[in-house]
Amino acid sequence: MKNAAPILLALALVTATGCGGKSTPTAVVTTTPPPTLPPVATDKAGVTAVIVTAADLGAPWVQPKAVNRTKTTKGDLCPGKKEDFAREVPRASVNVQMTEGTKAGAAIASYEVVAFDPARLDAWRAAFAAAVADCKAYQAIEKNYVTIETVTAPAVAGADEVLARLEHVYADAAHKQLSYVRQVLKCRVGRVVVSMEHAFIQPKTDPTGADFAKTVGLAEKQVAKVKASFAQ
């Protein structure tokens, strides 16, 4: 009978609780583990598989062997200052450029699709803001003059989040002769970000290039492919 006392004590505790005794519920704390990311090579294959083609955009868009590019060092938004994806480097990226036909002065649509570690998305947002702040106004290597500003992001179907900026390229330091504009959208779909830059000579109906409607339509084609095919 050496074990009698412990058994009786346990029974007494159970009985006391069951007969009017109050018990304090214990809060159950659960934590969600961070998502397991695929290998970088898998992300690279994923973004490559969903990048838009000229067929996705439709006529008159084509993918030429090369497009006119600024002389800024790769990774720079303006001379000596990095753009957001160079400040916060994604796990994988792929890019492509299209032109709206083949005539001189045709609009250019530049796409880049990148995959991030979700834990780095806040750092990417901060990088976007910092890049714009560093490049508000500058003289480009081509000797023209550029201003950059963040603007209220338009809605892009399928995107979880959108950041936007507007770039004006002037022929003169006084910013009186506007040569063309660049509209840029950064559309996040899960942990994937679609960057879409639309460079074009502003029409008379939109003299400041503030209407993002066409750029939104071009971005939505890429966002749709990401949403349909990229494993989040």
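Since we're looking at a predicted model, the values are computed, not measured.

A.B. asks: How would you sum up the pattern of salt bridges? Please name residues and give values.
C.D. replies: It is possible for side chains of opposite charge to pair when their charged atoms get near one another. For the coordinates displayed, the defined rule picks out 13 salt bridges. As a salt-bridge pair, Lys214 and Glu100 come within 2.6 Å of each other at their nearest N and O atoms. With Lys214 in helix α6 (residues 213-229) and Glu100 in strand β4 (residues 92-100), this residue pair connects regions lying 114 residues apart in the sequence. Glu100 sits in the partly exposed class, given a relative accessible area of 25%. In this structure, Glu161 engages Arg125 in a salt bridge whose closest nitrogen and oxygen atoms are separated by 2.7 Å. Taken as a pair, Glu161 in strand β8 (residues 161-170) and Arg125 in helix α5 (residues 121-134) lie far apart in primary sequence, 36 residues in all. Residues joined by salt bridges that share partners form a network here, namely Asp122, Arg125, Glu161 and Arg188.

A.B. asks: With reference to specific residues and values, describe the side chain of Asp84.
C.D. replies: By the secondary structure assignment, Asp84 is in helix α4 (residues 84-87). Overall, the relative accessible area of 0% leaves Asp84 in the buried class. Among the polar contacts listed, one links the side chain of Asp84 to the side chain of Lys186, at a separation of 3.1 Å. Each residue touching Asp84, except ones within four places of it in the same chain, is listed here: Trp124, Ala127, Phe128, Ala131, Arg165 and Lys186.

A.B. asks: Explain the pairing of strand β7 (residues 145-150) to me, and be specific about the residues and the numbers.
C.D. replies: Sheet topology places strand β6 (residues 137-139) next to β7; 3 bridges connect them, and they run antiparallel. The residue of β7 that forms the bridge with Ala137 is Thr147. Connecting β6 to the next strand, β7, in antiparallel fashion are 5 residues, including Lys143 with a positive phi near 75 degrees.

A.B. asks: With reference to specific residues and values, describe the nonpolar core.
C.D. replies: Ranked by internal contacts, the top residues of the largest apolar core, which has 34 residues, are Tyr111, Val113, Leu185, Cys187 and Val226. Going through the elements one at a time, α2 (40-50), β4, β5 (108-115), β8, β9 (178-189), β10 (192-200) and α6 are the ones with two or more residues in this core. No other element matches the 5 residues that α6 contributes to this core. Setting aside chain neighbours within four positions, we find Val113 in contact with Val47, Val50, Ile51, Ala92, Ser93, Val94, Val192, Val193, Val194, Gln222 and Val226.

A.B. asks: Give me the lowdown on the sheet that holds β7, citing residues and values where you can.
C.D. replies: Overall, antiparallel pairing links the 8 strands, which are arranged β1-β4-β5-β10-β9-β8-β7-β6 in an open sheet. Either end of the sheet is taken by a strand with one partner, and the two such strands are β1 (61-62) and β6. The pairing of β9 with β10 spans 9 bridges and is antiparallel. Paired with Arg188 across the two strands is Val193, which belongs to β10. Of the strands in this sheet, β7, β8, β9 and β10 touch α5, which is tilted by about 20 degrees from β8.

Definitions and limits used
Residues numbered from 1 in each chain as written. Predicted model: local features only at pLDDT ≥ 70, side-chain atom pairs only at ≥ 80, totals over all residues. Heavy atoms only, no water. Salt bridge = Lys/Arg side-chain N within 4 Å of Asp/Glu carboxyl O. Helix = DSSP H or I, 4+ residues; strand = E, 2+ residues; numbered from the N terminus. Buried < 20%, exposed > 50% of the residue type's maximum accessible area, 1.4 Å probe, protein only. Polar contact = N/O pair within 3.5 Å; in protein donor to acceptor, adjacent residues only side chain to side chain. Contact = heavy atoms within 4.5 Å. Pairing = 2+ DSSP bridges. Core = buried A, V, L, I, M, F, W, Y, C linked by side-chain atoms within 4.5 Å. Axes fitted to C-alpha atoms, helices over the stretch in contact; angles between N-to-C directions.

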